[in-house]
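Understanding the architecture of this molecule
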Amino acid sequence: KNNDDENAIFETRPTISCDTDEKSGAGEYEIVINGATSNNYEITYKTGVLSINKREITVSTKNYTRKYGEENPEFEISYNGFVNGEDESVLLIKPKANTIAEKDSDVGVYDINTEGGDADNYSFAYKKGTLTIEKANQTIIWDQEFNDLEIGSQIELTATATSGLDVEYVIPDNNFISVYTVGSTTYLDCYGAGEIAIRATQNGNKNYNAAVRVSKVIKIESTPSKVTN
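These remarks concern the structure in this document.

**Description of the sheet that holds strand β17 (residues 185–190)**
Within the open sheet, the three strands sit side by side as β13-β17-β16. Their pairing is antiparallel. Only two strands of the sheet have a single neighbouring strand rather than two, namely β13 (154–156) and β16 (177–182). The average undirected angle you get between the axes of adjacent strands in this sheet is 25 degrees. Here three bridges tie β13 to β17, and the two strands are oriented antiparallel to one another. By the bridge assignment for β17, glutamine 154 is matched with aspartate 189.

If you want it as structure tokens, here you go:
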């Protein structure tokens, strides 16, 4: 009243306090005001509220690469934003990183999602990583030898690929051997004398690189001799 202001009316100014500091947990705290005196005014106090919100931290995982057919690596999680010297040990539930990619998932790029954390004083901003699955290498295994074969021999070809994919056989044009397949089995048919190279190949697919080809020399004698399989 009477154009008074706060400088004129208070003999003792009010004090304001709140029972918090920079390490107080998230929540709501009462702001208390009291202690003022005045000759001409009655003083009433109305408390306020200090709201301390959860602090956001960023949760992320790096990018990973593996070959097709391998197990997923263990995804490591990193954090950014802790305060007061705290670390992930203060979390109630630690976030986890996961992907839909499994051991036999096709070659490609897959998201690594981070999720599932909980904490009293922190909220979470999740950042994805990626898992890149690359083509795997494969090897052709072929232990047969074809020396001193006999005209008329029919020999099962036994080359295999570590990928489990079918092996194909390639021979140059000639007039004394041929290759044919019955069901899932491939045979060498020797109907003349000569010497020639035969190659086992596997050209790969969406998940495997082509294998290094393996060559064998076939020798067919013009006179009967022992057949070696």
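**Looking at the sheet that holds strand β9 (residues 122–127)**
Strand order in the open sheet formed by three strands is β6-β4-β9, with mixed pairing between adjacent strands. Looking at which strands have only one partner, the edges of the open sheet turn out to be β6 (77–80) and β9. Direction aside, the axes of adjacent strands within the sheet are offset by 30 degrees on average. Pairing geometry for strand β4 (residues 55–61) and β9, over six bridges, is parallel. Residue pairing across strands places isoleucine 57 opposite phenylalanine 124, the latter belonging to β9.

**Some remarks on the nonpolar core**
Soluble, globular proteins show a tendency: their nonpolar side chains are buried together. Judged by nonpolar contacts, the single largest core of 20 residues is most densely connected at Trp142, Phe146, Leu149, Tyr169, Ile177, Leu188 and Ile218. Elements with a contribution of two residues or more to this core: β12 (146–150), β17, β18 (194–201) and β19 (214–221). Top element by residues in this core is β18. It accounts for three residues. Excluding anything up to four places from it in sequence, isoleucine 218 contacts Phe146, Leu149, Ile177, Leu188, Gly194, Glu195, Ile196 and Ile198. Tyr64, Ala101, Ala136 and Tyr208 belong to the second-largest nonpolar core, a separate cluster that totals 10 residues.

**Some points on the side chain of serine 60**
With respect to the helices and strands, the residue serine 60 is situated in strand β4. Using a relative accessible area of 16% as the deciding quantity, one classes serine 60 as buried. When near neighbours in sequence (up to four residues on either side) are disregarded, serine 60 contacts Glu76, Ile77, Ser78, Thr114 and Lys127.

**Concerning the environment of threonine 132**
Its location among the elements puts threonine 132 in strand β10 (residues 129–134). It is 69 Å that separates the C-alpha atoms of threonine 132 and isoleucine 43, two residues lying 89 residues apart in sequence. Apart from residues lying up to four places away in sequence, threonine 132 is in contact with Tyr64, Thr65, Arg66, Gly108 and Val109.

**Quick word on the layout of surface pockets**
Each pocket or cavity is described by its volume, and for the largest pocket that value is around 280 Å³. Surrounding the largest pocket, 17 residues form its lining, Asp166, Val167, Tyr169, Ser184 and Thr186 being those nearest its centre. Every element with two or more residues in the lining of the largest pocket is listed here: β14 (160–161), β15 (168–170), β16 and β17. Of the volumes computed, that of the second largest pocket is approximately 200 Å³. Taken together, 14 residues make up the lining of the second largest pocket; nearest its centre are Glu22, Ser24, Val83, Asn84 and Asn121. Tallied by class, the residues present in the lining of the second largest pocket amount to four nonpolar, five polar and five charged.

**Things to note about the environment of glycine 117**
Residue placement: glycine 117 occurs in the loop between β8 (108–115) and β9. Along the sequence, glycine 117 and leucine 92 sit 25 residues apart, while their C-alpha atoms lie 7.6 Å from each other. Apart from residues no more than four positions distant in its own chain, glycine 117 is found in contact with Ile93, Lys94, Pro95, Phe124 and Tyr126.

**Details of the pattern of salt bridges**
In total, this model carries five salt bridges according to the counting rule given. Across the pair glutamate 134 and lysine 67 runs a salt bridge, and its minimum N-O distance is 3.5 Å. You can see glutamate 134 sitting in strand β10 and its partner lysine 67 sitting in strand β5 (residues 64–67), a full 67 residues away along the chain. Assessed through its relative accessible area of 30%, lysine 67 is described here as partly exposed. Between lysine 128 and aspartate 111 there is a salt bridge, with the nearest N and O atoms lying 3.4 Å from each other.

The rules behind these values
- Counting from 1, residues in each chain are numbered in the order their sequence is written.
- Under the rules for a predicted model, residues below a pLDDT of 70 receive no local features and side-chain atom pairs below 80 are neither given nor counted, while totals for whole chains, interfaces and linings still include all residues.
- Only hydrogens and water are set aside; all other atoms, that is, all heavy atoms of the structure, feed into the side-chain values.
- When DSSP finds at least two bridges between two strands, those strands are taken to pair.
- A run of H or I in DSSP becomes a helix once it reaches four residues, and a run of E becomes a strand once it reaches two; helices and strands are each numbered from the N terminus.
- Lines fitted to C-alpha atoms define the axes, with helix axes restricted to the stretch in contact, and inter-axis angles between N-to-C directions lie between 0 and 180 degrees.
- Residues grouped as a nonpolar core are buried Ala, Val, Leu, Ile, Met, Phe, Trp, Tyr and Cys residues, joined through side-chain atoms within 4.5 Å.
- Any residue under 20% of the maximum accessible area for its type is buried, any over 50% is exposed, and the rest in between are partly exposed; the area is computed with a 1.4 Å probe on protein chains only.
- Working rule for contacts: check all heavy atoms of both residues, and any pair within 4.5 Å makes them a contact.
- Using protein atoms alone on a 1 Å grid, points that fit a 1.4 Å probe yet trap it form a cavity, whereas open point sets bounded by protein on both sides within 12 Å along at least five of seven lines form a pocket; residues with an atom within 4 Å of a point count as lining.
- Grid points are joined across faces, edges and corners, and a volume is the space filled by probe spheres set on the points.
- Polar here means any residue outside two lists: the nonpolar Ala, Val, Leu, Ile, Met, Phe, Trp, Tyr, Cys and Pro, and the charged Asp, Glu, Lys and Arg; Gly therefore counts as polar.
- Definition used for salt bridges: Asp or Glu carboxyl oxygen within 4 Å of a side-chain nitrogen of Lys or Arg.

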